[in-house]
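Reading the structure
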Amino acid sequence: MNLRAKLGYTAAGLTVLAAMLTPFLLYGLFAKGFVALGFHVDEMYSGGPKLRTVEKGAYSIAIHRAVVPHLLQTEKPFVQLDWTPVSALPAHVSDTVDVDGDGRPDIRVSFDVPADPKAQLRVNVEPIDPLNPRYQSMRDVGKDGFSRLIVRVNNSILVRVPLAHPS
Amino acid sequence: MATNTQLPGHPAQRSIGRAILLTLPIVVWSLLMFGHTSGHSDRLLQIAGAITGVFMVILFFMMMRTGTTYRWRRWFFVSLGLLFPIGFIHNVMAMRGSMGIPVEEMIAGRTPFCFMPIPLLILPAAFTRTLVFPGSIVPAGGMSGSGIAAMVGLWLAITLVIGKGWCSYACFFGGIEEGMAAVPKRPRIRKIDPRWRYLPWAVLLAMVLLSLALFEPAYCIWLCPFKAVSEYIAARNTVGLVQNGIFVLLFAGLVVALPLLTKKRTQCSFFCPFGAFQSIFNKASIFEVKIDPSRCKPCVLCQNACPNMSLSKESIARGEALMSCMKCGACVDACPRQAVVWHIKGTPVSWKPERARLMFLYSAWALAIMFGGSIIAQGIATILHFLA
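The text that follows walks through the structure, step by step, so that each part is easy to find. It should be emphasised that the depicted structure is a prediction, and the values quoted were computed from it without experimental measurement. (Residues numbered from 1 in each chain as written. Chains lettered and ligands numbered in written order. Predicted model: local features only at pLDDT ≥ 70, side-chain atom pairs only at ≥ 80, totals over all residues. Heavy atoms only, no water.)

**Quick look at the nonpolar core**
If you look at the biggest cluster of nonpolar residues, it comprises 135 residues, and the most contacted ones within it are Phe115(B), Trp166(B), Phe172(B), Trp365(B) and Phe371(B). The greatest single-element share of this core, amounting to 19 residues, is contributed by helix H17 (residues 353–387) of chain B. Aside from chain neighbours lying at most four places away, what touches Phe115(B) is Met151(B), Trp166(B), Cys171(B), Phe172(B), Phe173(B) and Phe274(B). Listed in part, the 26 residues of the second largest apolar core include Ile61(A), Val86(A), Val123(A) and Ile157(A). (Core = buried A, V, L, I, M, F, W, Y, C linked by side-chain atoms within 4.5 Å. Buried < 20%, exposed > 50% of the residue type's maximum accessible area, 1.4 Å probe, protein only. Helix = DSSP H or I, 4+ residues; strand = E, 2+ residues; numbered from the N terminus. Contact = heavy atoms within 4.5 Å.)

Following this line, the structure appears as C-alpha cells:
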C-alpha cells in the first residue's frame, strides 16, 4: 500500500470517527461556533434593537432603533414600538409617543386591545405635528407589511410605523 | 466461517452470520440513538423509536447480506420523505393551527429553519453580518427548539462526513420524489437533454444573488416546491397567493409528475439550488464512486440507473461520476460487472471496494439514523397518535 492509499484510509477512518462523534460533539461544536460568529437576524424581521423604554403606569412602551431596508428590499424604513405587558393594557390604548427622544411627542398611536388574543388588531397612527414629514400616518392598519403593521407577539403588542426618511 | 460469495453479474452476498456481525455496530448505534426515547413520558414516541430503530437495523442488515445498497436505502429515504411532512405539519398545526407562517411568528423568530436557505444566507451574512431569515439563531431557539445554528451545525457535520451524500441520506424532502420515481416500471420519458443538469447551478446563482439584493431567502419565498408539504408564508395579498400557487405547481410538476414520467429525481437533478451547492462539498468528501475502466463494457446501465443524471458517457470514460453524485448506490448496484465501485480517495480503483463501501455506509447510516431516524420516529409517533 502506497502513502496515498494509507492517507486515504486514515482520512476514511477519521471520517467514520467524525460520524460517530457528530451527535455527541461535532454538531454542538459547529452550532456553538456558528453562534460565536456574531450574526444577527435581519432587523426587518426582528425590529431592531431597543433604544429606550417609556413607562406609562402599569405598562411600558419600548422604542426601537429605526430600521432601514437594504438595497432592493421592498419595505419602507420603519420604527417599532412595543406595548408590554398586554395584560396591563386598557381596552383602548391612545398614547402619544416621543419616538426620537427630543422631549416632545411625535405621534399618537391608538388601538383597541381585544380580550381574545387571536383577534385581529387594527391601529391608527397620526403625527402630532402634521407638518413633520418623518412619520407616516396609518389609518385602520392591520398587517399590511413588515414596515406597516400591528401584531401581538408573546406578551407585547408591536406597532411598526413607516418613516418617510430614516434619519 | 464467514464467506463472500460473488456470483458473476451479481453483487457480493454474505452469510447470515457475517451480515449479523457487520450489523452489530449499527444495532449498538440505534440503541444509543433511540434508547433515550425509552425514558420518554410519551409511550407512543417510545414505540415509534423502537419501530424506527428496528427498521433501520433491518435495512442495514439487508445491505450487508445482499451486498446491494440502493433499494434498502430507498426504503429509508422514501419513509423519511413521506413521514417528515406528517410529523412536521402535525407539529405546526398543533403550535399555530395553520401551515401558513403568520407574520407574528416571523417577527418572534419562530420560523423553523430547514437546510435549504443555507447557501442563500452566505452573501448577506458575509457583507452585513445579517441572516436574512425570520428565525432564531441560538441552537435551542425557533419554533420547536431548533434554531438556525442547530441546523447549520448538523448540516456542516454531516456534509464533512458524506459530502453530497446529504441528498441521499439526510434530505427530508428528496424521498418524496424518489418514491414517485420508484412507482413506474419503465420511464415514459427516456431522452433528457443533459444540459438540464446545469439548471440547478443557474437556480443557485440566481437565488444567491436575489437573496443578497432583496435581503430575503428568495428561494424559500418564491420557488421551493416543498413549501406545499411543509409550511409557507401565510398569504396576506395577491402576491402571497401567487407564491403559494407557484409552490403547488412546482411540487406537482417536479416532485410528482416528472419523477413518475422519467424515473429520475427531477427536482434534485434539474432545480434544487441546495443540491448544486452541496455538490461543491463532494470534492471534500473522502468517499466517492469510481468506474474501473478495465471492467467497464460500457453498457450505460449505470447511467440509466442514476436517479439524478450524475453519470455521462464522458464521465464513465474518465472512470468517475460527476460532482453531483449523491452516493445513493444505484449505479454500483446496477453494474453487472462490478465495474462501478465505492472508492476511498487516494486508494487504487477497485482495490477492496467493499471495504470502501462499508466505511462509507457505517458513516452514512449512523448519520441517517441520528438525523433521518429521529424524523421518521416523529412521523410514526404522529400516526400512532392519530390511530390511538
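So, next bit.
**Digging into the environment of Phe360(B)**
Residue and element names in this part refer to chain B. Looking at where Phe360 falls in the secondary structure, it is placed in helix H17. Residue classification places Phe360 among the buried residues on the basis of a relative accessible area of 0%. Distance in space between the C-alpha atoms of Phe360 and Arg74 is 16 Å, their sequence separation being 286 residues. Excluding residues that lie within four positions of it along the chain, Phe360 makes contacts with Ile162, Tyr169, Phe287, Lys327 and Trp342.

**Observations concerning the interface of chain A and chain B**
One frequent convention defines the size of an interface as the accessible area lost when the parts assemble. In this assembly, 46 residues from chain A lie in contact with 54 residues from chain B. For the interface between chain A and chain B, the tally reads 1 salt bridge. Across the salt bridge formed by Lys143(A) and Glu104(B), the nearest N and O atoms sit 3.1 Å from each other. The interface formed by chain A and chain B includes 10 residue pairs in polar contact (both at pLDDT 80 or more). Secondary-structure elements contributing two or more residues to the side of chain A that touches chain B are helix H1 (3–36), strand E1 (40–41), helix H2 (43–46), strand E9 (143–145), strand E10 (148–153) and strand E11 (156–162) of chain A. A per-element tally of the side of chain A that touches chain B places H1(A) first, with 21 residues. (Salt bridge = Lys/Arg side-chain N within 4 Å of Asp/Glu carboxyl O. Polar contact = N/O pair within 3.5 Å; in protein donor to acceptor, adjacent residues only side chain to side chain.)

**Topic: the pattern of salt bridges**
Residue and element names in this part refer to chain B. Applying the stated criterion to the full structure yields 16 salt bridges over all chains. Put simply, Arg265 and Glu178 hold a salt bridge, and the shortest N to O gap is 3.0 Å. Separated by 87 residues along the polypeptide, Arg265 in the loop between helix H11 (238–262) and helix H12 (266–270) and Glu178 in helix H8 (residues 174–182) bring together distant segments of the chain. Classification of Arg265 by relative accessible area gives buried; the value is 1%. For Glu178, a relative accessible area of 1% puts it in the buried group. Glu354 is the salt-bridge partner of Arg357, the closest N and O atoms lying 2.7 Å from each other.

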